[in-house]
Amino acid sequence: MKYVYYFGEGKKGMKDILGGKGLNLGVMTNIGIPVPPGFTITTQACKKINENNKWPEGLKKELDENIARLQEEMQQKLSDDNYPLLLSVRSGAAVSMPGMMDTVLNLGMNDKTVKVIANKTDNPRFAWDSYRRFIQMFGNVVMGIKHHYFEEVLDNVKETKGVKFDTELEIEDLKKVVKDYKKVVAEHAGKDFPQDPHKQLEMSIDAVFGSWDNKRAISYRRINNIKGLIGTAVNIQTMVFGNMGDDSGTGVLFTRNPANGEKEFYGEFLMNAQGEDVVAGIRTPKDIKKLKQINQDVYDELVEIYEKVEHYYKDMQDMEFTIQKGKLYILQTRTGKRTAQAAVKIAVDMVNEELIDKKQAILRIDPDQLDQLLHKQIDELAKKKHEVLAKGLPASPGAAVGEVVFDADTAFEWTKQGKDVVLVRVETSPEDIEGMNAAKGVLTARGGMTSHAAVVARGMGKCCVAGCGDIDIDYENSQFTVNNTIVQQGDYITLDGGTGELFKGRLPVKDPEVGGSFATIMKWADEFRKIGVRTNADIPRDAKVALEFGAEGIGLCRTEHMFFEGERIKHVRKMILADNETARKKALDNLLPYQKSDFKGLFEVMGEKPVVIRTLDPPLHEFLPKKEEDIELIAKEMQVSVEKIKASISDLHEFNPMLGHRGCRLGITYPEITAMQARAIVEAACEVSKENDLEVKAEIMIPLVGNVKELADQKKVVQNVIDNTLEKFDMDLHIMIGTMIEIPRAAITADEIAKQAEFFSFGTNDLTQMTCGFSRDDAGKFLKEYVQKGIYSRDPFQVLDQDGVGKIMTIAVEKGRKTNPKIELGICGEHGGEPSSVIFSHKIGLDYVSCSPYRVPIARLAAAHAVLKK
C-alpha cells in the first residue's frame, strides 16, 4: 500500500485517501498554480497509526524518500548550514473541518537554523520571530503545553518593552521570548525542546494524525453529521513566509462573497504576518481590495489565479495565499463554506454563467441549509427606535436575541436549562465549538470575516458579528463595556448578523421574506421531484405561510389544538366531564360551530388542495383543569360540586396515557365525538365549496388504529355523517376516509386495513415511539449518549430510523398496495421535513410528505435530491 503521494501524483477520485486539501494542492500544481512543493501522507496511514499506535510498515521509508525528493527540488535541506528547508505540517480530511485539527508551521527551526536564516535573509527579526512562533506552536500542538503559558511570556516582554503589538518587538526582545519559551517547554513538558528537524517532523505527523480524535474534531463531526471517514491526511509542504517584512504578507480569499453570494473578489490580508494571524483574529485584517494599493502586480495575479481556479472547480473556492518578498504562493483551495443565501445565489448564478446545469445547482445546496435562509430578521421599525450600541463585521446573517455568556461551557449549560444565549468572546477558537453550537449567535471583539468565529458560524447557520472592536471584554467580572455602557452576563443583547450591529436588550424579530434566486431554485427542484409536499397546519395563518413556501396541501390538521382557544375549552371540559350522553351531546353541539369555523378557515386558504384532518387524538385528561380556580369555575358552570369534578378527573387518570384511552379508542367509546367532528368537516367543506365555486378536497383521518375493526367502526360513523350531510347540501363531494399508521400492528396488518382505508399517513413520531420502545417525553435523557456511542447514528425522533421504523413502513406500503393499489400514502410526523427521511419516503414509494410550514422548502429540495441522487 502506498502511503505518501507527492503533489501532482494523485488522481481525481482520490479525495477519501488524500483528503480535500492534499488532492487540491496536487490539482493546482498540475494546472500551473504557484503552490509550494510538498507531499501528502494518506488517511489510510492515519487509520493504521490511530488503530495500532505505531507507524505502518513502509511509511518511514516513503517519508524519507519524499523528503529527499523535496530537498532536491528546493535545493535546500533540513538543518542545512547554507539555506535550511522549513516545512509546514497540516491536516486535511476528505470533508473540510476548518480549524478543528492541528497545524505546525516553521518546522525545521532550531538554535542553528535561526542564525543561518537570519544571515541568509539579512532579516534577523524575521528569523527570530519565526523561531518563537514555531516553539509556541510545536509546544502547544505537539508537546501538549497550554497556550497561555507562552502568551504570558510574550505579554510580559511586550509590557516590559512598553509596546502593544508583536510587530513592535525588536530582535533582542524576540531572542528573550525564544529563551523563555524554551524554559516553558522544559518546565511543563519535562524535557528540552527538540532540535533535530527529522524528530520534529515525525512528532508533528503523529500530533496531526492524533488530532483527528481530539474533542473539538469529534464534536464538529457530530454536530455536522460527518460520518464514514477513516481519518485525516497530513500535508507536508515547503514553508513560505508572509512575515519577512513589508513586502510580504498573507491572506484568505473567497472567489465569491460567502455571506450573500455576490460575484465579487472577497477576502482579507495582513502584511508582514503569518496565516494564523488572519484566521485566529489576533490582528484585524484589511479588505483584499486594498492590496491593489500596496502591490498591483500581486493583486492582478491573485485575481487571475482565483478566476482560473474557480472556473476549474466550477464552484466558489476558499483560498489561502502568502506573499514572500513580493512573490505570490497559493497554499490551499477548498470548496468555500457559505451561508444558505449565498449557496442559493451562487448556484443560480453559475447556471446562468453556464458553469453548471440545473441538476448540479440543486445538488449543490444542502436541504438542511435552507433552514438558515428562513431565519428570522430584526424588525426594521424596531431597529430605527433603538440605538446601535456597537458595530462589528457582518460575519453571518440572521438575528440573534439572547442572554450574554462569556464562555462555551456556560453557553452549553444555560441552553440545556432552556435559555437563549449569545456567546461573547474576544475571539473564538476551535475549543468553543460546543458553545457556538448551543448559542443563538456569536459576538467577537477581534477577528475578521474569515476568522474562526465567522467561518464556523456561517457553516452552522448561526448569526455572527465579528471584529466588534468597540467592546471591551472583562472575563474576570463577566461583563463587557462599550463607552460607558456595561453589559453583564445574563443581560439581553440583540445581534444583526446581516449588518454587524449590536443592540442592548431584546428587539422583536420577524419572519424572513424569500424570492429571487430562492424562488428559482425551488422552481427547478419542483421540475425534478416526484413526491408531493404538504404541510402540517392547524390554523389559517400557518396554512398561508406554507402555501407561500410551496405546500401542495395539508397533510395533517390536528383538531385538538383548536380546543384550547377562548371559550371552546369550557365546552370541551363539559363534554369530557359529562356523566351521560345527553349532556355530552349538548356540549358537542356547542363545540360544533367552533370546529366548523376552524375548518372553513383552512379550506378557504387551501382552495382545492387536499386537507387531511385528524379526529381527536390525545387522551382526555390533557384538556382538564389543573388549577383549583379552574376546577371551581367548571363546577359552578356545570352546577355540580367541586368534589364531583375532582372525582371525575381522578377517574380519567391513566398510568400510561400515551398508550391509553385516546385516538380511535375515544371515538369507539364516544362515537358522538367522532360524529360531531365529521359533521363539522363535511359541512365546512360543503359551505366553502358552494360559497367559492370550487371543490374542497377534505380527507378524514382516524388516528391510532391497530386493528382493522377499529377503523371499520369509526369509518361507519364518519361515512354515515358524510352521506347525510352531502344529501342535506345536495352536493357530490368525494371526502376520503383513511388512517394514521403509527402502531406496529397496523403496519404488519396493512393489507387488511387498506381494504377499509382510502389513504394511509405514517405518524412517525408515535410509530418511532412504539417500534423502538422509547417514550418521546423521556428518551431525551439518554438518547444523546446512545448517539455518541453509535447505538443509533442519529436521534430517531429527529431522523427516521430507516433500519427499524423504516422497515415497518416498507412492510405497510407493500401490504397496503397489494390489496388496494390506488391507496394514497403519505407521512405526517416531524420526519416529513427532514431531508434523509424525505429521500427515504421517496424511495419506498410514498405519494407525499407533510411537515411544518417553514420546512416545506427543505422537503421540496430534498425530494429533488431523492430523484437526482438516484
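Higher on the page you've got the structure.
Here is what the cut-offs are and how they apply
Residues numbered from 1 in each chain as written. Predicted model: local features only at pLDDT ≥ 70, side-chain atom pairs only at ≥ 80, totals over all residues. Heavy atoms only, no water. Helix = DSSP H or I, 4+ residues; strand = E, 2+ residues; numbered from the N terminus. Buried < 20%, exposed > 50% of the residue type's maximum accessible area, 1.4 Å probe, protein only. Contact = heavy atoms within 4.5 Å. Areas by Shrake-Rupley, 256 points an atom, 1.4 Å probe, with all protein chains shown as cover. Lys, Arg positive; Asp, Glu negative; His and termini not counted. Charge placed at Lys NZ, Arg CZ, Asp CG, Glu CD. Arc of directions from axis to C-beta. Polar contact = N/O pair within 3.5 Å; in protein donor to acceptor, adjacent residues only side chain to side chain. Pairing = 2+ DSSP bridges. Core = buried A, V, L, I, M, F, W, Y, C linked by side-chain atoms within 4.5 Å. Salt bridge = Lys/Arg side-chain N within 4 Å of Asp/Glu carboxyl O. Axes fitted to C-alpha atoms, helices over the stretch in contact; angles between N-to-C directions. Parallel < 35°, antiparallel > 145°, perpendicular 65-115°, else oblique. Left-handed = near helix turned anticlockwise from the far one by under 90°. Nonpolar A, V, L, I, M, F, W, Y, C, P; charged D, E, K, R; others polar. Expected span 1.5 Å × (residues − 1). Bend = angle between axes of the 7 residues up to and from the residue.

A. Region of interest: the overall build of the protein. Helix and strand counts for the protein stand at 35 helices and 31 strands. Reported as C-alpha extents along the three principal axes, the dimensions of the protein are approximately 105 × 60 × 50 Å. Residues classed as buried in the protein amount to 57% of the 870 residues present. If you take every contact in the protein between residues at least 6 apart in sequence, the share linking residues at least 24 apart comes to 70%. Working note: accessible area of the protein is about 36900 Å², and carbon and sulfur atoms make up 46% of it. Computed over 117 positive and 130 negative side-chain charges, the separation of the two mean positions in the protein equals 2 Å.

B. Seen up close, helix H17 (residues 408–416). For H17, the set of buried residues is Ala 408, Thr 410, Ala 411 and Trp 414. For H17, the angular spread of buried residues about the axis comes to 160 degrees, placing them on one side. Set apart from the buried face of H17 by more than 90 degrees, the exposed residues are Asp 409 and Lys 416. Buried residues in H17 make contact with strand E14 (399–405), strand E15 (421–425) and helix H18 (433–438). N-capping of H17 is provided by Asp 407, with a side-chain oxygen placed 3.1 Å from the backbone N of Asp 409.

C. A look at the pairing of strand E10 (residues 327–335). Counting buried positions along E10 gives seven out of nine residues, so the element sits mostly inside the fold. The pairing of strand E9 (residues 317–324) with E10 spans eight bridges and is classified as antiparallel. Bridging across to E10, Gln 324 finds its partner in Lys 327. Between E9 and E10, which pair antiparallel one after the other, the connecting turn spans two residues, and Lys 325 there sits at a positive phi close to 50 degrees.

D. Structural detail: the nonpolar core. Core analysis: the largest hydrophobic core is formed by 128 residues, its most contacted members being Ile 521, Phe 603 and Met 809. In terms of residues, this core owes the most to one element, helix H27 (residues 671–692), which gives 10 residues. If we skip the residues at most four places from it in the chain, Ile 521 touches Val 344, Ala 347, Val 348, Ala 361, Ile 365 and Leu 861. In terms of nonpolar packing, the next biggest core, distinct from the first, is built from 84 residues, Val 177, Val 184, Val 421 and Met 460 among them.

E. Looking closely at the pattern of salt bridges. In total, this model carries 62 salt bridges according to the counting rule given. A salt bridge links Lys 161 to Asp 173; the nearest nitrogen and oxygen atoms lie 3.5 Å apart. Pair noted here: Lys 161 is in helix H6 (residues 147–161) and Asp 173 is in helix H7 (residues 171–189), with a separation of 12 residues, a long-range link. Ionic pairing is found between Asp 432 and Arg 425, a salt bridge with its closest N-O pair at 3.6 Å.

F. Here's a closer look at the sheet that holds strand E21 (residues 492–496). Taking strand neighbours across the sheet as the criterion, the eight strands line up as E12-E22-E21-E14-E15-E16-E17-E13 in an open arrangement whose pairing is mixed. The open sheet terminates on both sides in strands that have one partner only, identified here as strand E12 (390–391) and strand E13 (393–396). Where E13 meets strand E17 (residues 463–466), three bridges bridge the pair, whose relative direction is antiparallel. Bridging across to E17, Pro 394 finds its partner in Val 465.

G. Structural view of the sheet that holds strand E20 (residues 485–488). The three strands lie next to each other as E18-E19-E20, forming an open sheet whose pairing is antiparallel. The outermost strands of the open sheet, each flanked by one partner alone, are strand E18 (471–474) and E20. Pairwise comparison of adjacent strand axes, ignoring direction, gives a mean angle of 20 degrees for this sheet. Pairing of strand E19 (residues 479–482) with E20 involves four bridges; the strand directions are antiparallel. Looking across to E20, one finds that Gln 479 is bridged to Gln 488.

H. Local environment of the environment of Pro 34. In this structure, Pro 34 sits in the loop between helix H1 (15–30) and strand E2 (38–41). A C-alpha to C-alpha distance of 33 Å links Pro 34 and His 147, two positions 113 residues apart in sequence. Apart from the residues within four sequence positions on either side, Pro 34 is in contact with Glu 301, Ile 305, Leu 328, Tyr 329 and Ile 330.

I. Just the packing of helix H21 (residues 540–548) against helix H23 (residues 581–606), in detail. Between H21 and H23, whose axes approach to 9 Å, the crossing angle comes to 15 degrees. As summarised for this structure, H21 and H23 are arranged roughly parallel, according to the angle between their axes. Crossing of H21 over H23 shows right-handed handedness. Touching Pro 540, Ala 543, Lys 544 and Leu 547 of H21 are Gly 601, Leu 602, Val 605 and Met 606, all from H23. Class assignment of the residues belonging to the contact of H21 with H23 gives a composition of six nonpolar, one polar and one charged.

J. View of H23. Helix length check: H23 (26 residues) gives 35 Å between terminal C-alpha atoms against 38 Å at 1.5 Å per residue, within 8%. At Leu 591, H23 shows its largest bend, some 35 degrees, and a proline, Pro 593, comes one to four positions later. Where H23 begins, one side-chain oxygen reaches toward the backbone nitrogen of Thr 582, 3.1 Å away; that side chain belongs to Asn 580. The first or second residue beyond H23 is Gly 607, which carries a positive phi of 60 degrees.

K. Region of interest: the pairing of E21. For E21, the tally of buried residues reaches four of five residues, placing the bulk of the element in the interior. The pairing of E14 with E21 spans five bridges and is antiparallel. Of the residues in E21, the one forming a bridge with Ala 399 is Asp 496. Note: E21 against strand E22 (residues 501–504), four bridges, orientation antiparallel. When the bridges of E22 are listed, Leu 495 appears paired with Leu 502. Linkage of E21 to E22, two consecutive antiparallel strands, is achieved through a turn of four residues, within which Gly 500 is found at a positive phi near 85 degrees.

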